[in-house]
Amino acid sequence: AKQQEALLTSRYNEPKLEKSEQDLWEESQTQKAGAIGGRQKKAIESDGYELLFDDQIDFVMQETREGYDKHESLSEMRPATEHEKILEGRTKLPVYAYREEFLAAVKEHQILILVGETGSGKTTQIPQFLNEVGYGELGKIGCTQPRRVAAMSVAARVAQEMNVRLGHEVGYSIRFENCTSPKTILQYMTDGMLLREILTQPDLASYSCMVIDEAHERTLHTDILFGLVKDIVRFRSDLKLIVSSATLDAEKFSKYFDDASIFMIPGRMFPVDTYYTKAPEADYVDAAVVTVLQIHVSQPLNGDVLVFLTGQEEIETAAETLSERSKNLGSRIPELIICPIYANLPSEQQAKIFEKTPSGARKVVLATNIAETSLTIDGICYVIDTGFNKQKTYNARSGMESLVVTPISQAAANQRAGRAGRTQPGKCFRLFTAWSFQHELEPNTVPEILRTNMGNVVLMLKSLGINDLLNFDFMDRPPADALIRALEQLYALGALNDRGELTKLGRRMAEFPLDPMLSKSVIVSEKYECTSEVLSTVAMLSLGASVFYRPKEKAVHADTARLNFARGGGGDHIALLRCYSEWAASDFSPSWCFENFVQVKNIKKARDIREQLAGLCDRVEIDHTVSNSDDFDATLKTITAGFFYNIAKLGRTGEYQTAKQHKTVYIHPSSVMAKEEEPPPWLVFFELTFTTKEFMRQVAPIKPSWLVEIAPHYYQETDIEDSKTKKMPRTRRN
Ligand code: CDP
Ligand code: MG
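With an unreviewed UniProt entry as reference, the protein chain is termed RNA helicase, source organism Phaeodactylum tricornutum. The Catalytic activity (unreviewed entry) field of the UniProt record for the protein chain holds the comment "ATP + H2O = ADP + phosphate + H(+)". As recorded by UniProt, the Subcellular location (unreviewed entry) comment attached to the protein chain reads in full: "Nucleus".

In structure tokens, the structure reads:
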């Protein structure tokens, strides 16, 4: 195949490392494709280059995705200032040509389904168009995004285009972060935030227009929003609703919104050649790295690379390996600019992915699913698709939710490939076989509402006064047993009474933008007089990222530092609490973080979250200053009061099993309890992630007697009896 023509061979022979602790630590967070590697050592010579890899990947070219409406390239004379350039860029976006037509359609219809390829300018331009013709004077113009990073970065871009300060006329709101002001006219927000806003503003009175963007993603929150806004537009005839989607299956949206009109923006697409690996790849992260280098040395420089991986850990590993390997290659290859992008990436680094690649260099963006449709990066013409993403899956029967690395759908793979053909013809390298694409990938992604724990939204809907959930107008009805499980769970937590109505506790829980198990813990902390400790713990748990920093070369020191927080017991929860408290006691000192291998940015974020939770405690009249720092058991009891579903018990075989469903689970290698000599007989865990095995993340030891004390409706003496009778002589088995 053509792209192989310039492949190189190796004097750079990377020693194959023994599987170290670090590998296991990382690997455990990355499910491997489970296939046998089909790579061979190969040396291909090319014009004077001598080769770099000890192995390379064979791809076969399979298909060309034909572009429609080919456009000439965008290189023309550019005006001088940065801002003028930006404005000129606006006029070149596909939506620009349809501005008048679109605005006329909005005038005519209350609800419009907008369809246009990713990158056509829907998210950044549509709210501006609406504002330019005066809708901003009637109320705010809102635009929802399924992802926090997208909301932030798009708002930043639009503020730049409008030449205003972010947070003034253009702002964003995401959970735990509000960057808006009374001046704000264009407000980007996550779909989850709009749901929360409906709680306090059931008719969305402050808005004149609402754009439900990225509707095709069908996130749980977007799906719930559909049902709510469909109702709101009935009694707010002045509210314009635009449902915008990047895929062509708009009919379904149209039908759901009472046959709303569809407005199509023809895309601008160049053909994309798709290549598949000849054999399955066992380690897709490594395969992705090799492919990046293969592209880098063999393909013309004017084209950046976009790699789809599943999460932060993988992206960090890939970034590290890539930078190491390209450093080793030194001046023999052009500069490679590595830009990671994932949900928890600090915002100043997010901007980097949009910076224009300097000539003589190539940019490689390592992204999660976020770059599939939410973010468009100009200049990409090579896409490397690992074929996986991380999805929440929920087993309604066991009531367990876990984050699983899952194969993507064919539709998603095609979206990803399309990212390569925005500005010129491109290439997409799929790290799976053509056979696998055809036979193993589902045609379409299953909407989140069909595979998730509904606890959170059920609580929200209940507090909106929507009692009859089974008859709520869902676009795709969640399975009845998932709804029933959610109701049961909320009942078990005490948020609902036996008639399914919200209790006083439930009403207070709904104030918190947290999973019901966490909000329950916060509220119970009042009873055990440890609110201050619980807030710190909950804030640290809610981060979604690790506060601990573990550079490879200092892994031993980092581990020692981390384990120091665990000294004195209490598992991960109390280690997180100690970490936070010690940092607070150091007066939030950055050098303290440095000495203790704590990531300053993340722990600062925890402090923000904590402050907001404290504010919400005021609202529900909980004194958040009440502290009981001598008794960590109080904190753990409180956590258990929220998480009594997440209990694991050590079996005779030395493995843990969940208390009720008897599912075998393991302590995650990143836990401070991972190497405990005497594993505690009972654990509470924060969440399950399935990677190579079903792992419990964030675990703490508990006393089984707490269970019957705290959750007597869920645990009876018989459930915990075993541990009491452990020392009794064994009865003979038949
Ligand atoms: O929403 P849609 O996918 O239709 O397009 P968009 O997100 O509005 O993107 C339009 C253009 O804005 C693209 O060319 C992006 O590269 C650019 N953009 C940017 O430069 N910086 C951002 N933070 C977001 C978009
Ligand atoms: Mg968009």
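After presenting the structure, the write-up continues.
This part takes up the pairing of strand β13 (residues 361-367). Counting buried positions over the 7 residues of β13 gives 7, a clear majority of the element. Of the two faces of β13, the one lined by Ala361, Lys363, Val365 and Ala367 and the one lined by Arg362, Val364 and Leu366 are each fully buried. Sheet topology places strand β11 (residues 304-308) next to β13; 4 bridges connect them, and they run parallel. By the bridge assignment for β13, valine 305 is matched with valine 364. Pairing geometry for strand β12 (residues 335-341) and β13, over 7 bridges, is parallel. The partner of isoleucine 337 across the bridge, within β13, is lysine 363.

Surrounding ligand 1, one finds 15 residues, the nearest of these being Gly119, Gly121, Lys122, Thr123 and Thr124. One of the side-chain nitrogen or oxygen atoms of aspartate 378 is found 3.0 Å away from an oxygen atom of ligand 1. At a separation of 3.4 Å, an oxygen atom of ligand 1 approaches a polar side-chain atom of arginine 422. Within the complex, the protein chains bury 95% of what would otherwise be the 540 Å² of accessible surface of ligand 1. Per-element accounting of the shell around ligand 1 gives the leading share, 3 residues, to helix α4 (residues 122-132). Each residue belonging to the shell around ligand 1 can be placed in one class, and the counts come to 2 nonpolar, 8 polar and 5 charged.

So, about the coordination of the magnesium ion (ligand 2). Looking at the metal site, the magnesium ion (ligand 2) is ligated by Thr123 (OG1) and Glu214 (OE), spaced 2.0 to 2.7 Å from it. Of the two residues, threonine 123 is situated in helix α4 and glutamate 214 in the loop between β7 (207-212) and α8 (220-235); the sequence distance between them amounts to 91 residues. Glutamate 214 gets classed as buried once you look at its relative accessible area, which sits at 4%.

Moving on: unusual backbone geometry. One non-glycine residue, aspartate 259, adopts positive backbone phi at about 60 degrees. Along the chain, the position of aspartate 259 falls in the loop between α9 (250-256) and β9 (261-265). What makes aspartate 259 exposed here is its relative accessible area of 61%.

With that settled, consider the environment of phenylalanine 632. Positionally, phenylalanine 632 belongs in helix α25 (residues 632-642). Residues phenylalanine 632 and histidine 573 lie 59 residues apart in sequence; the distance between their C-alpha atoms is 9.7 Å. Apart from the residues within four sequence positions on either side, phenylalanine 632 is in contact with Ile574, Leu577 and Arg578.

Below, the discussion takes up the nonpolar core. Within the largest apolar cluster, 125 residues are counted, with the highest numbers of intra-cluster contacts made by Phe257 and Met696. Apart from the residues lying within four places of it in its own chain, the contact partners of methionine 696 are Ala648, Tyr656, Val665, Tyr666, Ile667, His668, Leu683, Phe685, Glu687 and Leu688. In this structure, Cys143, Val170, Ile338 and Tyr342 belong to the second largest nonpolar core, which totals 88 residues.

Where helix α20 (residues 531-542) contacts helix α22 (residues 571-585), the axes come no closer than 9 Å and their chain directions differ by 105 degrees. In terms of their interaxial angle, α20 and α22 are classed as roughly perpendicular. Contacts between α20 and α22 involve Glu533, Ser536, Thr537, Met540 and Leu541 from the first element and His573, Leu576, Leu577, Cys579 and Tyr580 from the second. When grouped by side-chain class, the residues that make up the contact of α20 with α22 number 6 nonpolar, 3 polar and 1 charged.

Inspection of the secondary structure assignment puts phenylalanine 643 in the loop between α25 and β18 (647-650). Given the relative accessible area of 3%, phenylalanine 643 is considered buried. As a C-alpha pair, phenylalanine 643 and glutamate 709 span 66 residues in sequence and 14 Å in three-dimensional space. Contact partners of phenylalanine 643, with chain neighbours within four places excluded, come to Met517, Leu518, Ser521, Val684, Phe685 and Phe686.

Strand-to-strand pairing in sheets goes through backbone hydrogen bonds, with the strands running parallel or antiparallel. Taken together, the 8 strands give an open sheet; going across it, the order is β5-β4-β6-β3-β7-β8-β2-β9, and neighbouring strands pair in mixed fashion. Strands with a single pairing partner mark the edges of an open sheet, and in this sheet they are β5 (177-179) and β9. With strand direction ignored, the average angle separating the axes of adjacent strands in the sheet is 20 degrees. Sheet topology note: the strand β4 (residues 170-174)/strand β6 (residues 186-190) ladder contains 4 bridges and is parallel. Across the sheet, residue glycine 171 finds its bridge partner in β6, namely glutamine 187. Contacts from helix α6 (residues 148-162) reach β3 (140-145), β4, β5 and β6, with the element oriented near 170 degrees to β4.

Quick notes on the rules
- Residues numbered from 1 in each chain as written.
- Chains lettered and ligands numbered in written order.
- Predicted model: local features only at pLDDT ≥ 70, side-chain atom pairs only at ≥ 80, totals over all residues.
- Heavy atoms only, no water.
- UniProt positions renumbered as here; feature names shortened; annotations may be inferred.
- Buried < 20%, exposed > 50% of the residue type's maximum accessible area, 1.4 Å probe, protein only.
- Helix = DSSP H or I, 4+ residues; strand = E, 2+ residues; numbered from the N terminus.
- Pairing = 2+ DSSP bridges.
- Near = heavy atom within 4 Å.
- Polar contact = N/O pair within 3.5 Å; in protein donor to acceptor, adjacent residues only side chain to side chain.
- Areas by Shrake-Rupley, 256 points an atom, 1.4 Å probe, with all protein chains shown as cover.
- Nonpolar A, V, L, I, M, F, W, Y, C, P; charged D, E, K, R; others polar.
- Donors = N, O, S within 2.8 Å, 3.2 Å for Na, K, Ca; no water.
- Contact = heavy atoms within 4.5 Å.
- Core = buried A, V, L, I, M, F, W, Y, C linked by side-chain atoms within 4.5 Å.
- Axes fitted to C-alpha atoms, helices over the stretch in contact; angles between N-to-C directions.
- Parallel < 35°, antiparallel > 145°, perpendicular 65-115°, else oblique.

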